[in-house]
Amino acid sequence: MHDVIVVGARVAGAATALQFARAGYRVLMVDRARFPSDKLSTLYIHQPGVDRLAHWGVLDTVVATGCPALDRAVYQVADVRLAGCSLPAGDQRAAYAPRRHLLDKILIDAAVAAGVEFREGASVAGPVLDGDRAVGVEFRSERHGRTREHAHLVVGADGMRSTVAKRLGAPHVVEDPLRTCAYYSYWTGLPADFELYERPGNWIGVVPTNDATLIASYSPQADFDVVRADPQAHYLESIRTTAPALYERAMAGEQVDRMHGSGDQQNFFRQASGPGWALVGDAAHHKDSITARGINDAFWQAELLVTAVGDALHDPAALDKRLAVYADDLVDGLFECYRNTLMIGQLEVTDHRLTMLRAVAQSPTLTDRYFATASGVLSVEDFDDDELDEALSA
Ligand SMILES: Cc1cc2nc3c(=O)[nH]c(=O)nc-3n(C[C@H](O)[C@H](O)[C@H](O)COP(=O)(O)OP(=O)(O)OC[C@H]3O[C@@H](n4cnc5c(N)ncnc54)[C@H](O)[C@@H]3O)c2cc1C
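You'll find the protein chain entered in an unreviewed UniProt entry as Dehydrogenase (Flavoprotein), with Lentzea xinjiangensis given as the organism.

Below, the structure is given as structure tokens:
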């Protein structure tokens, strides 16, 4: 009998398992993948996520992998160019974008060092139920064959297409249509900041990572069939037309990887808890990756869940109440970013937004505060202050 079983061992699962173990619980974590291994993602971790890595004692290890500190952001749309950096989260002014085969393994190693029992190459068929209560999971692995393990709490951290959520019948409580499709590749010989370029119908993101610079291109979901028919040609043409100067810089370097991409960027909140179970990360909530918030939000959810459970793990009635609070707080905490993401994912450059951005560009303070809304350090409400009003009326 374990205290907690966590299904999924990447940014949501490993972070959750790590913290439950540090809280003194006996944790089993299983993943069907083997590590280190990669995952479709453009890697950017905003400042609040970096601050959590620091608190968990793993930031130095992440930085030691050689991913550069990203302490300057550039955003260009129409005639507006913003250059600055988010306000800090805790002591962390820089963002980082470590390759996922490095980051995920660092988190797993930290969880194991904290006492988590980890089984990789173990595919979970679904939760074991006692009535409507999750009491464990059933999984199959080459090494152990078909196995059942029991726990007081089952956590589904198994991604957007979560098997745990499906088997528990966790419905979507909020759902919106797909917005974009995204393709990216890696380049060498391309020194860069964290850079964003936008025009109607296209969004380009530039993310320096360990050994290369990633360039991503986001197009409307309605164009997905056209884009995927020839992702490479569409990608280069998008960079050329949306960010011509970046295109020239990229052409002076070398594209060193194939195209990676997805049109399946769902937008939803699932019911995130029930009797004896909870969901974290993409399993609980997924949004278009255009705002690059998935890792950051997974870390936040992991902390939210472990804090909510507190010392109630061995008291089923108290535990279920705490899990219900967790599910409510999850939606409350992430809804504003979800709405902003849906708005940005429309890939429309409205006059209203341009007017606001032109005002922001006049002031380095406002520029940093604007980037702080993107990182999650500031809420949109806090950004909307007197200085912005003055800049807008100037
Ligand atoms: C194109 C793209 C770009 C992105 N860019 C960014 C970015 O720049 N910044 C950012 O913060 N986020 C980004 N994201 C989002 C980010 O990658 C995800 O939010 C994040 O990976 C979610 O982590 P997770 O741990 O919840 O799920 P996942 O990373 O999906 O991990 C789930 C794990 O569960 C395991 N699993 C699944 N089913 C089972 C099963 N039945 N049994 C056992 N194990 C199972 C899988 O093997 C996997 O290891 C991007 C996403 C996409 C698609």
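Still more to cover.
(A) Quick look at the UniProt feature "domain: FAD-binding" (unreviewed entry) in the protein chain. Per the UniProt entry, the sites bearing "domain: FAD-binding" (unreviewed entry) are residues 3–317 in this numbering. Across residues 3–317 one finds 29% helix and 33% strand; the C-alpha atoms that close the span lie 15 Å apart.

(B) Summary view of the site of the ligand. In the vicinity of the ligand, 32 residues are found, and the nearest of them are D31, T42, Y44, D282 and I295. Between the ligand and the protein, one listed contact pairs a nitrogen atom with a backbone N or O atom of R32 at 3.1 Å. Interatomic distance of 2.8 Å between a backbone N/O atom of V124 and a nitrogen atom of the ligand. Burial of the ligand by the surrounding chains reaches 93%, relative to a free accessible area of 1,000 Å². For the shell around the ligand, the elements supplying multiple residues, two or more each, are α1 (11–22), β6 (122–130) and α9 (294–309).

(C) Representation of the packing of aromatic side chains within the structure. Applying the stated criterion to the full structure yields twelve aromatic pairs. Ring geometry for Y75 versus W203: centroids 5.8 Å apart, planes at 45 degrees, classification tilted. Of this pair, Y75 sits in strand β3 (residues 73–77) while W203 sits in strand β12 (residues 202–208), and the two are 128 residues apart along the sequence. As far as the burial class goes, Y75 and W203 line up, both buried. Relative to Y338, the ring of F335 lies with its centre 5.8 Å away and its plane at 45 degrees, an arrangement referred to as tilted. Placement of the pair is F335 and Y338 together in helix α10 (residues 316–344), with a separation of three residues, close to one helical turn. Through a chain of ring-to-ring contacts, the aromatic side chains of Y75, W203, Y370, F371 and F383 assemble into a single cluster.

(D) How the structure looks around the sheet that holds strand β19 (residues 285–286). Ordered in space as β9-β16-β19, the three strands form an open sheet in which the pairing is antiparallel. Every other strand in the sheet has two partners, leaving β9 (172–176) and β19 as the edge strands with one partner each. One ladder, built from four bridges, connects β9 with strand β16 (residues 267–270); its direction is antiparallel. Paired with D176 across the two strands is N267, which belongs to β16. Strand contacts of α10: β9, β16 and β19, with the helix running at about 170 degrees to β16, the strand carrying the most contacts.

(E) Representation of the domain arrangement of the protein chain within the structure. Each assigned domain of the protein chain is listed with its residue range as follows: domain 1 (2–43 + 99–175 + 266–344) and domain 2 (180–262). Inter-centroid distance (C-alpha atoms) of domain 1 to domain 2 is 31 Å. Each partner contributes residues to the interface: domain 1 has eleven residues there, and domain 2 has 14 residues. Where domain 1 abuts domain 2, roughly 1,100 Å² becomes buried across the two surfaces, and 56% of that area is made up of carbon and sulfur atoms. Remark: the boundary between domain 1 and domain 2 carries one salt bridge. D211 serves as the salt-bridge partner of R99, at 3.2 Å between the closest nitrogen and oxygen. Put simply, domain 1 and domain 2 have five residue pairs in polar contact (both at pLDDT 80 or more) between them.

(F) Summary view of the nonpolar core. F20 and L53 are the most contacted members of the largest nonpolar core, which has 77 residues in total. With residues up to four places along the chain from it excluded, the contact list for F20 reads V4, Y25, V27, L153, V155, L305, V306 and V309. In this structure, L70, A212, L354 and L388 belong to the second largest nonpolar core, which totals 36 residues.

(G) Geometry of unusual backbone geometry. In this structure, the amide linkage connecting F35 to the following residue, P36, adopts the cis form with an omega of 5 degrees. Take P36: it is sitting in the loop between β2 (27–31) and α2 (47–55). Its identity as a non-glycine residue notwithstanding, L43 has a phi of 80 degrees, on the positive side. Here L43 shows up in the loop between β2 and α2. Despite not being glycine, A78 shows a phi value in the positive range, around 50 degrees. Locating A78 in the fold gives a position in the loop between β3 and β4 (80–84). Residue class for A78 comes out exposed when judged on its relative accessible area of 54%.

(H) Spatial organisation of the pattern of salt bridges. This structure, assessed with the given rule, holds 24 salt bridges. In this structure, R358 and D79 form a salt bridge, with 2.9 Å as the shortest nitrogen-oxygen distance. In this pair, R358 sits in helix α11 (residues 351–361) while D79 sits in the loop between β3 and β4, placing the two residues 279 residues apart along the sequence. You can call D79 exposed: its relative accessible area is 55%. A single salt-bridge network, built from bridges that share partners, covers R10, R100 and D104.

Conventions and cut-offs
Residues numbered from 1 in each chain as written. Predicted model: local features only at pLDDT ≥ 70, side-chain atom pairs only at ≥ 80, totals over all residues. Heavy atoms only, no water. UniProt positions renumbered as here; feature names shortened; annotations may be inferred. Helix = DSSP H or I, 4+ residues; strand = E, 2+ residues; numbered from the N terminus. Near = heavy atom within 4 Å. Polar contact = N/O pair within 3.5 Å; in protein donor to acceptor, adjacent residues only side chain to side chain. Areas by Shrake-Rupley, 256 points an atom, 1.4 Å probe, with all protein chains shown as cover. Phe/Tyr/Trp six-rings, centres within 6.5 Å; stacked < 30°, edge-to-face > 60°. Buried < 20%, exposed > 50% of the residue type's maximum accessible area, 1.4 Å probe, protein only. Pairing = 2+ DSSP bridges. Contact = heavy atoms within 4.5 Å. Axes fitted to C-alpha atoms, helices over the stretch in contact; angles between N-to-C directions. Domains from an automatic or database assignment. Buried area = accessible area lost by both parts, 1.4 Å probe. Salt bridge = Lys/Arg side-chain N within 4 Å of Asp/Glu carboxyl O. Core = buried A, V, L, I, M, F, W, Y, C linked by side-chain atoms within 4.5 Å.

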